[in-house]
Amino acid sequence: MARPNTDQLDPDKIKANLKTRRIGRKILVYNRTSSTNDIAAEYAKNKNNDGLVVFAEEQTAGRGRAGSKWQSGREESIQCSIVLTDYKLNPELLSLTCAVAVADGLGIIGGAEAKIKWPNDIILNGKKVAGILLESKLNNDGGAYILGIGINCHQKQDCFGPELQPIATSIDIESHSITDRVSLAKRLLTSVEHWLEVAEYNSEKVTEKWRQLSIQLNHRVKLIYNGQEFAGNCIGIDPEKGLILQLDTGGVRMFDAAHTTIVKSS
Ligand code: BTN
């Protein structure tokens, strides 16, 4: 099956009929760049660039959380970074809201709902389809957040190396069809704008949606927090303090996204 000719990322095509007011006010598409998060960070020095989105068809130094690499073949993914200079949310709620926005933007694909593996992975049928890298560039006059999003779209199973094959997937694989990345980009930006607005006036709605989409809620989670291992049952999320575990060792404890790495969720 051939890719639709509308698939190639283009600012005018993404902007056509895009109903957002903030996210995507300015859209840039790079043919090839190091990391869209780095380009977005440069634009974030100017407060007027709130809502600007940088896409790239190819990244030479794409990165993920905790120093990991984010790799994708050319034109196979959505790789974008959104500049947020006008933010009112605490980092934990912002991170939660971004995950809800990406999962909700993907919606149901091939009969499966996109789910959240806290803090930043989006899962389809038990495999990772997208990742989020939220970076802060805070300084004395406020600064900015850069919301980096990578979504696997056109990868076939053998595009992932042997160690990734059991845990990674793409939208094409799960939908048994060819994704139109321009349409998906519009859905993504619309969802990010929607959920950022919701979070500002009703954070409970965000946590409620997170509970609905979480693969970890009411399941055992093992994690490393500041170098120490913890295990327990996930009993919820706090919009300021992060993941809530009923610890195996007794007691309840919260873990913020910035200092936590998930080892295992079952
Ligand atoms: C992760 O899964 O650890 C997060 C992956 C985030 C990847 C995206 S692609 C666009 C943006 N630019 C980057 O270098 N990283 C993010």
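Since we're looking at a predicted model, the values are computed, not measured.

**Student:** Can you help me understand the overall build of the protein in this one?
**Tutor:** Within the protein, the regular secondary structure consists of six helices and 14 strands. Viewed in the frame of its principal axes, the protein has a C-alpha envelope of about 55 × 45 × 30 Å. Here the protein holds 266 residues, and the buried ones make up 51% of them. Contacts spanning at least 24 positions in sequence make up 63% of the contacts within the protein whose residues lie at least 6 apart. A total accessible area of about 12300 Å² is found for the protein, and carbon and sulfur atoms account for 48% of it.

**Student:** I keep staring at the site of the ligand and nothing clicks. Help me out?
**Tutor:** Contacts to the ligand come from 20 residues, most closely from Ser35, Gln59, Arg63, Arg65 and Lys128. Interatomic distance of 3.1 Å between a side-chain N/O atom of Thr36 and a nitrogen atom of the ligand. Arg63 is positioned such that a nitrogen or oxygen atom in its backbone is 2.7 Å from a nitrogen atom of the ligand. For the ligand, the accessible surface in isolation is 410 Å², of which the surrounding protein chains cover 98%. Elements represented by at least two residues in the shell around the ligand include exactly α2 (36–43), β3 (77–84), β8 (127–137) and β9 (144–152).

**Student:** Is there a simple way to think about the nonpolar core in this case?
**Tutor:** Generally speaking, nonpolar side chains in soluble globular proteins are found buried as a group. With 64 residues, the main nonpolar core has Phe55, Ile122, Ile151, Trp210 and Leu243 as its most contacted residues. Composition of this core by domain shows at least three residues from each of domain 1 (5–212) and domain 2 (216–265). Sequence-distant contacts of Ile122, that is, excluding residues within four places in its chain, are made with Ala99, Val102, Ala103, Leu106, Ala114, Lys115, Ile116, Lys127, Lys128, Val129, Ala130 and Ile132. Counting nine residues, the second-largest nonpolar core is a separate cluster that includes Ile39, Ala41, Ala44 and Val83.

**Student:** Sorry if this is basic, but what is going on with the packing of aromatic side chains here?
**Tutor:** Given two aromatic rings, their pairing is described by the distance between the two centres and the angle made by the two planes. Evaluation of the coordinates by the stated rule reveals four aromatic pairs. Between Tyr87 and Tyr145, the ring centres sit 4.9 Å apart and the planes meet at 85°, which makes this aromatic pair edge-to-face. Taken together, the positions of Tyr87 in the loop between β3 and α3 (91–106) and Tyr145 in strand β9 put the pair 58 residues apart, joining distant regions of the chain. An angle of 75° between the planes, with centres 5.3 Å apart, marks the rings of Tyr225 and Phe255 as edge-to-face. Of this pair, Tyr225 sits in strand β10 (residues 220–225) while Phe255 sits in strand β13 (residues 252–255), and the two are 30 residues apart along the sequence. Exposure class is identical for Tyr225 and Phe255. Each is buried.

**Student:** Would you take a moment to explain the sheet that holds β8 for this structure?
**Tutor:** In a beta sheet, neighbouring strands pair by backbone hydrogen bonds and run either parallel or antiparallel. Ordered in space as β1-β2-β3-β9-β8-β7-β6, the seven strands form an open sheet in which the pairing is mixed. Edge strands, defined here as strands with exactly one partner in the open sheet, are β1 (27–30) and β6 (115–117). Strand-to-strand twist in this sheet, taken as the mean axis angle between neighbours without regard to direction, amounts to 20°. For strand β2 (residues 53–56) and β3, the ladder comprises three bridges, and the chain directions are antiparallel. Counterpart to Phe55 in the pairing with β3 is Cys80. Relative to the sheet, α3 contacts β3, β6, β7 (121–124), β8 and β9, its axis offset from that of β8 by approximately 145°. Contacts from helix α5 (residues 181–201) reach β1, β2, β3 and β9, with the element oriented near 30° to β3.

**Student:** Where do I start with α2 in this structure?
**Tutor:** Note: α-helices contain 3.6 residues per turn, so residues at a spacing of three or four share the same orientation. Buried within α2 are the following residues: Thr36, Asn37, Ile39, Ala40 and Ala41. On its buried face, α2 is in contact with β1, β2, β3, β8 and β9.

**Student:** Got a minute to help me understand the pattern of salt bridges in this structure?
**Tutor:** Charged atoms that come close allow side chains of opposite charge to pair. With the rule as written, the count across this model stands at 17 salt bridges. With a closest N to O distance of 2.8 Å, Glu135 and Arg63 form a salt bridge. Note that Glu135 is positioned in strand β8 and Arg63 in the loop between β2 and β3, a separation of 72 residues in sequence. Lys128 is the partner of Asp121 in a salt bridge, and the nearest nitrogen-oxygen pair spans 2.8 Å. Among the residues examined, Asp121 registers a relative accessible area of 13% and is labelled buried.

**Student:** Would you mind showing me how to read the state of the cysteines here?
**Tutor:** By definition, a disulfide is the covalent link that joins the sulfur atoms of two cysteine residues. According to the stated counting rule, one finds zero disulfides in the structure shown. You can see Cys80 has no disulfide; the closest cysteine sulfur is in Cys153, sitting 10 Å from it. In this structure Cys153 comes out as buried when scored by relative accessible area, which is 0%.

Conventions we followed
Residues numbered from 1 in each chain as written. Predicted model: local features only at pLDDT ≥ 70, side-chain atom pairs only at ≥ 80, totals over all residues. Heavy atoms only, no water. Helix = DSSP H or I, 4+ residues; strand = E, 2+ residues; numbered from the N terminus. Buried < 20%, exposed > 50% of the residue type's maximum accessible area, 1.4 Å probe, protein only. Contact = heavy atoms within 4.5 Å. Areas by Shrake-Rupley, 256 points an atom, 1.4 Å probe, with all protein chains shown as cover. Near = heavy atom within 4 Å. Polar contact = N/O pair within 3.5 Å; in protein donor to acceptor, adjacent residues only side chain to side chain. Core = buried A, V, L, I, M, F, W, Y, C linked by side-chain atoms within 4.5 Å. Domains from an automatic or database assignment. Phe/Tyr/Trp six-rings, centres within 6.5 Å; stacked < 30°, edge-to-face > 60°. Pairing = 2+ DSSP bridges. Axes fitted to C-alpha atoms, helices over the stretch in contact; angles between N-to-C directions. Salt bridge = Lys/Arg side-chain N within 4 Å of Asp/Glu carboxyl O. Disulfide = S-S within 2.5 Å.

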